[in-house]
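Fold and contact review
Here is how the chains run, residue by residue.
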Amino acid sequence: MIKNPGEISLQESLDICHESIKKAREMNFMPITVTVVDVAGVIRATLAEDGSGLTRADVAYAKAWSCIAAGFSTSTLRAIIEEQTRLDKAINGRQHLDNGKLMTTQGGLNTENTDK
């Protein structure tokens, strides 16, 4: 198998999902869904806990996709938008261009850089 730079294996993706769910249990979160994407935004793994809500898979994908699109976590993306309110119209435009996938709420992590 040829592996592209930055490509993530299925096992690595599943490990991230399991560790994320483990952390969510430690923090007593509501049931979560975790999605891991590769550098092209292709879903490598999605795991949903029992009781995870109907739209959680869509939100998990949007957060993961947003990290790839922005290059950093959704928390950082959110902080930038809150600090620079003039970006609201640009973000709304991006939401439209990205078919609603751009998500600016906490929870999306980028493991490709130090902004995790």
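My aim in this report is to walk through the structure given alongside it, one point at a time. Note that the structure is a prediction, hence the values are computed from the model and not measured. (Residues numbered from 1 in each chain as written. Predicted model: local features only at pLDDT ≥ 70, side-chain atom pairs only at ≥ 80, totals over all residues. Heavy atoms only, no water.)

Before going further, it helps to examine the pattern of salt bridges. Inspection of the entire model under this criterion finds 2 salt bridges. For Glu49, the salt bridge identified is with Arg25, shortest N-O distance 2.6 Å. Of this pair, Glu49 sits in the loop between β2 (43–48) and α2 (56–70) while Arg25 sits in helix α1 (residues 10–26), and the two are 24 residues apart along the sequence. Residue Glu49 is classed as buried on the basis of its relative accessible area of 16%. Between Arg78 and Glu82 there is a salt bridge, with the nearest N and O atoms lying 3.4 Å from each other. (Salt bridge = Lys/Arg side-chain N within 4 Å of Asp/Glu carboxyl O. Helix = DSSP H or I, 4+ residues; strand = E, 2+ residues; numbered from the N terminus. Buried < 20%, exposed > 50% of the residue type's maximum accessible area, 1.4 Å probe, protein only.)

So, about the nonpolar core. If you look at the biggest cluster of nonpolar residues, it comprises 8 residues: Ile8, Cys17, Ile21, Ala24, Ile32, Val34, Val36 and Ala45. The set of elements that each furnish at least two residues to this core consists of α1 and β1 (33–37). The element contributing the most residues to this core is α1, with 3 residues. Setting aside residues no more than four positions away along its own chain, Cys17 makes contact with Val34, Val36, Ala45, Thr46 and Leu47. Within the second largest apolar cluster, 5 residues are counted, among which are Trp65, Leu77, Ile81 and Leu102. (Core = buried A, V, L, I, M, F, W, Y, C linked by side-chain atoms within 4.5 Å. Contact = heavy atoms within 4.5 Å.)

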